[in-house]
2 protein chains.
Amino acid sequence: MPTYNPPLRDMQFVLHEVLKVSDDFKQIPKHADIDADTINAVLEEGGKFAAEVAFPLNISGDAEGCKIDQTTHAVTTPKGFKEAYKQYIEGGWAALGCAPEFGGQGLPYVVNGSFYEMLNSANQAWTMYPGLTHGAYAALEAHGTPEQQATYLPKMTTGEWTGSMCLTEPHCGTDLGLMRTKAEPQADGTYRITGNKIFISAGEHDMTDNIIHLVLARLPDAPPGIKGVSLFIVPKVLVNKDGSLGERNGIYCGGLEHKMGIHGNATCQMVLDNAVGTMVGQPNKGMQGMFVMMNAARLGVGNQSLGLTEVAYQNALAYAKDRIQMRSLTGPKAKDKPADPIIVHPDVRKMLLTAKAYAEGGRALQAYCSMLLEKEHNHPDEKVRNDSGEMLAMLTPIAKAFLTDNGHIATNACMQVFGGHGFIKEWGMEQFVRDNRINMIYEGTNTIQSLDLLGRKILGNNGATLKKFGKLVGALVAEEGVNEKMAEFINPIAVLGEQMTKFTTEIGFKGFQNPDEVGAAAVDYLRVAGHLVFGYFFARMAQVALRQIAAGNTDPFYVAKLQTARFYFAKLFPETATLMRTARAGSKVLMDTDAVFA
Amino acid sequence: MPTYNPPLRDMQFVLHEVLKVSDDFKQIPKHADIDADTINAVLEEGGKFAAEVAFPLNISGDAEGCKIDQTTHAVTTPKGFKEAYKQYIEGGWAALGCAPEFGGQGLPYVVNGSFYEMLNSANQAWTMYPGLTHGAYAALEAHGTPEQQATYLPKMTTGEWTGSMCLTEPHCGTDLGLMRTKAEPQADGTYRITGNKIFISAGEHDMTDNIIHLVLARLPDAPPGIKGVSLFIVPKVLVNKDGSLGERNGIYCGGLEHKMGIHGNATCQMVLDNAVGTMVGQPNKGMQGMFVMMNAARLGVGNQSLGLTEVAYQNALAYAKDRIQMRSLTGPKAKDKPADPIIVHPDVRKMLLTAKAYAEGGRALQAYCSMLLEKEHNHPDEKVRNDSGEMLAMLTPIAKAFLTDNGHIATNACMQVFGGHGFIKEWGMEQFVRDNRINMIYEGTNTIQSLDLLGRKILGNNGATLKKFGKLVGALVAEEGVNEKMAEFINPIAVLGEQMTKFTTEIGFKGFQNPDEVGAAAVDYLRVAGHLVFGYFFARMAQVALRQIAAGNTDPFYVAKLQTARFYFAKLFPETATLMRTARAGSKVLMDTDAVFA
């Protein structure tokens, strides 16, 4: 059976030593009093919840899955899930990042994000029940009326009610403009909504009395396409004026999907049959609220794969130290044993280090994104708010696609460390692979993320945001350019930064003549951008580690950090060599293929 | 539900137009009469069996899995599996490649191999029941006594009995030298064998009256390690002198593994309790017979992933043509529809072409290996036999590891084409991913394959075999070097061939000083070698296609072949740029990591 230890030391390193989040919080009035000790204490307790409550239900939840009663449409979650959720709300965990005005604890996003990394390590399927609530909460916080907020947000803050996102329909996922669900306005200002939604995570369950569905639908007179989509609140149970629960609403689960992974989470076909809803935001502007949810969800999905990468690494490391098989190529190491532990083999170390490096780079990026979100929402300076929002918009598709693809690589590598045992369910490794697999797909496939990055976030403003990130890289290069010890970490990103600038101009020019050039290059481009970002953070982490060592700090943590950074630049970062080449290879070899696909 | 169409046209192209197998058969007395029509007719019928009998049981077999009766130790295979096997033996399919002296049809290996590609596409889990028999058959054919052969091979030829390979034990998979199963010699020349084996595919089932287990065990006086391992025949039911079935032997299934995939195949924990066995080959030389099985199995595993790559491609292509979602970036293509089929998007084509190119390259390599096996065994010229065996020994780890890793990439890409539907079981795509995942592990993990390739097959003879393959490349380069139309297919392999020669010398030198350098480079090296081999076959395939087109042949098959080859060289082959770099990055960044793994 797998184990899990919350990576508190590495989280503290990223938050306090690399990003120095307290310096940022001092600039943000609502968080001015938050210090490192508070953050660490919360994460320590959060880690206990993850490891002791959520984690023990991971394998059993996968084996059992969810069940539906086709008569009552009630969904039963795996044994223990409901009780764990009760502990979650009793512990106040649902309220961690929510606003004090709705009863929340008002802690920074980065604290909730780090807590969620641990929950995702422990049990992604379970975590999606409370996790989906955050997106719905964010959409209502941003676009709900005061009355809607007063009605729903306090109960979502306590966790008494969960939320869901009802977007996808059988014939449309990526292309929400094709949506058919209809919303008919009523005399009382409400709407009656009818249609079918699919792939609704946590759309129905037995953990709470109510579920607040955020539903995309079309008004009768809506223009065609994505500009005719509106957003509605459709509670599972209608809420009376006094806040008490009223009638059961006409939205129910018509069936559960049988899936590759996240078996413990109910993936629901949702039927809306004349369901009562109220509009969020303006008519036909539903995508605004949807994107608030979606952007939160995309960072959240990256965080899911970060969590799986970490837990897969921990278990592969333990196995590699324990399992003895063959001798080291350089002669016996464990002479008292009939064979050496497999960690003596270079390729086993490579698989382990791949996961470790992707976890550490991902953790830095996730925390950085959470701090940008914080500044975008809560910094007193408008320019900082705007700049932070702009940078976050560019980094979000990278955090989603790069971290989930890396999670795929990492969980598969860690499973491979186990040899044949990796394929066997009881070891838990193959579940990490299966659970991670959906992360590359949902909330916009990774291809969609790459088009969002290259087409919209980079070429859409002629590379202006990329240049701003390039300035961060440039500043680090300028600061450390003469430090010989930093050369191995600095030179690669300096070179790649220049190559990317040139290539971005090139692809912008080609894309102007033929938009398929953008589509052909985007996936490769995103991974190159991901490595530039990871390279930047590994260089910053190495900088901190080198300074600590120079100052006489003997904590082996810093030596380990340098070793991981060296591995990253030597064995993972060079992927960019091929990616730049294949991105440049253009669209012709893809599109001139009519004979192949005839 | 997925569909499957046997790729007969592409098989015919590889066999008759590229490899011109009939020319080889004319040199081999036992196959001198075999012509293309015979081969094609067999494969056409074999394709029908695969598509119509085995394929319809693939998803249901996965959902149902195998069951064990803990009292009787009987294993029940999924509904329909037993009946399909009955059809298989009634159709004479088990006898296809077996020797006429034992009742076989004596067809060339390449015919059986192509038939098995189709079976693997159709249902890998089912195919492993008859498939394991071939390895056991080959070991007995090579190392069994005439009496053993007469007792077992005829029934294995008809398929009335199946075979298994009992190697792995709980504490040893890769490192069979640690094996503990004991064989006590008896006065009558038999042995009594006691021990525990795990991960025994098709170790028990309900399809046949008997199962012929080939078991590795140690004699009481055996030297330690791999040089003290002997091979035994341990039939499930003892066979009387007259060939009739006698007593039940002391070998039974103690439990079934719960696994990520190939649910329809029984992965058995086998208990040997004083079981009666007879020795195959010489005492303490069991690895000789084991390697006959193992080499056959390794080619077979590559063939499994080839099959999964093909079927995943076919279904992703059908979906990409059918599913409409978004408009082409270059403007609407299906103007009569509300959106374009997703095959208009460059990255969707990239995912499809990745699978198609890996299927076509893999098919050529598999067929080439089968022909080498044929010549090794049956060519009248000893030098041809030796050269063929040597080349096959080098190509076998590539066929195993490169094709299964490519299968991982391809099945995941094809699943990704389906978006969210790819994660749902009913579409069948996620099963291809899960089933393929074991192929990267069993019969020697892909890391083990890479060490076998680089350490033993290449550096072990100072690159002599690699040079022989280099001569094939060189001959093609010389032949087509002045043909402008071939330049795009020839130049990349000419360049890579030179780089590899240089790098091989380099790594040999470094490895001499520090063997971990070989371990650190091997996995990357194997993929580079795989691309050299695939590049060579794509160049040969392009050569044939260009000549047909030049001769006025208007079959779009040849245009498609060129388009796929172009894609391969533009988008997949350049992976070698990174792989050469990371292989060169050496072992230090992997091994100087004690602080990381403390």
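Residues numbered from 1 in each chain as written. Chains lettered and ligands numbered in written order. Predicted model: local features only at pLDDT ≥ 70, side-chain atom pairs only at ≥ 80, totals over all residues. Heavy atoms only, no water.

Side note on the side chain of Thr465 of chain A
Residue and element names in this part refer to chain A.
Right, so step 1: Residue placement: Thr465 occurs in helix α13 (residues 464-480).
Right, so step 2: Overall, the relative accessible area of 2% leaves Thr465 in the buried class.
Right, so step 3: Apart from the residues within four sequence positions on either side, Thr465 is in contact with Glu390, Met391, Met394 and Lys457. (Helix = DSSP H or I, 4+ residues; strand = E, 2+ residues; numbered from the N terminus. Buried < 20%, exposed > 50% of the residue type's maximum accessible area, 1.4 Å probe, protein only. Contact = heavy atoms within 4.5 Å.)

Regarding the interface of chain B and chain A
Right, so step 1: Contact residues are listed per partner, giving 94 residues for chain B and 94 residues for chain A.
Right, so step 2: Between chain B and chain A the total buried area reaches about 7800 Å² when both faces are included, carbon and sulfur atoms providing 64% of it.
Right, so step 3: Inspection of the region where chain B meets chain A yields four salt bridges.
Right, so step 4: As a salt-bridge pair, Lys350 of chain A and Asp524 of chain B come within 3.0 Å of each other at their nearest N and O atoms.
Right, so step 5: Summed over the shared surface of chain B and chain A, the result is 48 residue pairs in polar contact (both at pLDDT 80 or more).
Right, so step 6: With nine residues, helix α16 (residues 556-572) of chain B is the single largest residue contributor to the side of chain B that touches chain A. (Buried area = accessible area lost by both parts, 1.4 Å probe. Salt bridge = Lys/Arg side-chain N within 4 Å of Asp/Glu carboxyl O. Polar contact = N/O pair within 3.5 Å; in protein donor to acceptor, adjacent residues only side chain to side chain.)

Some remarks on the relation of the copies chain B and chain A
Right, so step 1: With an RMSD of 0.0 Å, chain B superimposes on chain A once it is rotated by 180 degrees and translated 0.0 Å along the axis. Expressed as a symmetry operation, the mapping of one chain copy onto the other fits a two-fold axis. Rotation axis and chain B: the residue whose C-alpha lies nearest the axis is Thr578 of chain B, separated from it by 2.7 Å.
Right, so step 2: Both copies share a contact surface, since 100% of the interface residues of chain B are interface residues in chain A too. (Least-squares fit on C-alpha atoms with pLDDT ≥ 70 in both.)

Structural notes on the domain arrangement of chain A
Right, so step 1: Domain annotation for chain A reports domain 1 (8-143), domain 2 (162-291) and domain 3 (445-592).
Right, so step 2: Put simply, the middle of domain 2 of chain A and the middle of domain 3 of chain A, counted by C-alpha atoms, are 39 Å apart. (Domains from an automatic or database assignment.)

Comments concerning the pairing of strand β6 (residues 210-217) of chain B
Residues and elements named next belong to chain B.
Right, so step 1: The buried fraction of β6 amounts to eight of the eight residues, a majority that puts the element mostly inside the structure.
Right, so step 2: Across the two faces of β6 the burial is the same, with Asn210, Ile212, Leu214 and Leu216 and Ile211, His213, Val215 and Ala217 all buried.
Right, so step 3: Inspection of the sheet shows strand β3 (residues 161-166) paired to β6 by six bridges, in the parallel sense. The residue of β6 that forms the bridge with Thr162 is Ile211.
Right, so step 4: Here six bridges tie β6 to strand β7 (residues 230-235), and the two strands are oriented antiparallel to one another. Looking across to β7, one finds that Leu214 is bridged to Ile233. (Pairing = 2+ DSSP bridges.)

With respect to the pairing of strand β5 (residues 191-201) of chain A
Residues and elements named next belong to chain A.
Right, so step 1: The element β5 is extensively covered by neighbouring structure, given that eight of its 11 residues are classed as buried.
Right, so step 2: Bridging between strand β4 (residues 182-185) and β5 involves four bridges; their strand directions are antiparallel. From the neighbouring strand, Ala183 faces β5, where its bridge partner is Ile193.
Right, so step 3: In this antiparallel pair of consecutive strands, β4 and β5, the connection spans five residues, and Gly189 shows a positive phi of 90 degrees.
Right, so step 4: As defined by bridge partners, β5 adjoins strand β11 (residues 267-280) across eight bridges and the pair is classed as antiparallel. Bridging from a neighbouring strand, Lys197 pairs with Met270 of β11.

What to know about the UniProt feature "domain: Acyl-CoA dehydrogenase/oxidase C-terminal" (unreviewed entry) in chain A
Right, so step 1: Mapped onto this numbering, the UniProt entry gives "domain: Acyl-CoA dehydrogenase/oxidase C-terminal" (unreviewed entry) at residues 284-451 of chain A.
Right, so step 2: Along residues 284-451 of chain A the backbone is 72% helical and 0% strand, and the end-to-end C-alpha distance reaches 24 Å. (UniProt positions renumbered as here; feature names shortened; annotations may be inferred.)

A short note on α16 of chain B
Residues and elements named next belong to chain B.
Right, so step 1: With 17 residues, α16 extends 23 Å from end C-alpha to end C-alpha; this agrees with the ideal 24 Å at 1.5 Å per step.
Right, so step 2: Counting buried positions over the 17 residues of α16 gives 14, a clear majority of the element.
Right, so step 3: The distance from a side-chain oxygen at the start of α16 to the backbone nitrogen of Phe557 is 2.9 Å, and the residue carrying that oxygen is Asp555. (Expected span 1.5 Å × (residues − 1).)

Remarks on the packing of aromatic side chains
Right, so step 1: On inspection of all chains with the given rule, the structure shows 62 aromatic pairs over all chains.
Right, so step 2: Between the aromatic rings of Phe13 of chain B and Phe557 of chain B, the centroid separation amounts to 5.1 Å while the plane-to-plane angle is 65 degrees, which identifies the pairing as edge-to-face. Of the two residues, Phe13 of chain B sits in helix α1 (residues 8-18) while Phe557 of chain B sits in helix α16, which places them 544 residues apart along the sequence.
Right, so step 3: Three or more aromatic residues joined by ring pairs make a cluster, and in this case those are Tyr358, Phe402, Phe489, Phe534, Phe538, Tyr568, Phe569 and Phe573 of chain A.
Right, so step 4: Of note, Arg9 of chain A hangs over the ring of Phe557 of chain A, and the distance from its end group to the ring centre comes to 4.1 Å. (Phe/Tyr/Trp six-rings, centres within 6.5 Å; stacked < 30°, edge-to-face > 60°. Lys NZ or Arg CZ within 6 Å of the ring centre and 35° of its normal.)

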